[in-house]
Structures are given as C-alpha cells and as structure tokens.
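Each chain is listed here by its residues.
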Amino acid sequence: MTGRQRLRRLVVSLVVWWMLIALILWLLGTMLGQPASLAQCTASSAFFVAVGEVGDWLRRRRRRAGRPSGIAARHQPPDVKTPTTDP
C-alpha cells in the first residue's frame, strides 16, 4: 500500500468515526430529553476522535520504544511451561 492510499484510508476512517460519534451523541441527547444541535455534537465528537487518536499514537509509540527496532514481539503458545527454579 502506498503512502497516498494509507493517508486516504486514515482520513476516511477518521471522518466515518467522527460522523458516527456525532450521530450517536445527537440521538442520545434527543432520547434523554436534552437535545443539542448537530453542530455541537459534531464539535464534541471531533474532540473525542482527536483524544482517541492521540491516545492510540501514544500507545503505539510506547510499544515500539519497549523493544529494539526491527524485532517483532514474540508470543509463546499458551501450552508452553515456563521453567522454574523450585526443586
């Protein structure tokens, strides 16, 4: 996948999340008797999406910092016994 396709996929994903969260906020407000305008809901959802993306970026950055570059994380199958020093 080229950089352009990756960027397009990211933008479409963010816009879809943004619109979906705005619609959910608007519907919840209407159902609970505290309606807000759609513009207010879109502003709130933009904030939620931005905070979520920053959190995801930090999580990925922290995960990458924990191991040397180029080495993938190794996972052991669940049935592998770990050695113990007990007699």
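Look up a bit, the structure's there.
Residues numbered from 1 in each chain as written. Predicted model: local features only at pLDDT ≥ 70, side-chain atom pairs only at ≥ 80, totals over all residues. Heavy atoms only, no water.

Draft legend 1. Focus on the pattern of salt bridges. Summed over the entire model, instances satisfying the criterion amount to two salt bridges. In this structure, Arg59 engages Asp56 in a salt bridge whose closest nitrogen and oxygen atoms are separated by 2.5 Å. Note that Arg59 and Asp56 are positioned in helix 2 (residues 38-65) at a spacing of three residues, about one turn of the helix. Residue Asp56 is classed as partly exposed on the basis of its relative accessible area, which comes to 21%. Of the charged contacts in the structure, one is a salt bridge between Arg60 and Asp56, with a shortest N-O distance of 3.1 Å. (Salt bridge = Lys/Arg side-chain N within 4 Å of Asp/Glu carboxyl O. Helix = DSSP H or I, 4+ residues; strand = E, 2+ residues; numbered from the N terminus. Buried < 20%, exposed > 50% of the residue type's maximum accessible area, 1.4 Å probe, protein only.)

Draft legend 2. Region of interest: the packing of aromatic side chains. Evaluation of the coordinates by the stated rule reveals one aromatic pair. Ring centres 6.1 Å apart and planes at 55° place the aromatic pair Phe47 and Phe48 in the tilted group. A relative accessible area of 54% places Phe47 in the exposed class. (Phe/Tyr/Trp six-rings, centres within 6.5 Å; stacked < 30°, edge-to-face > 60°.)

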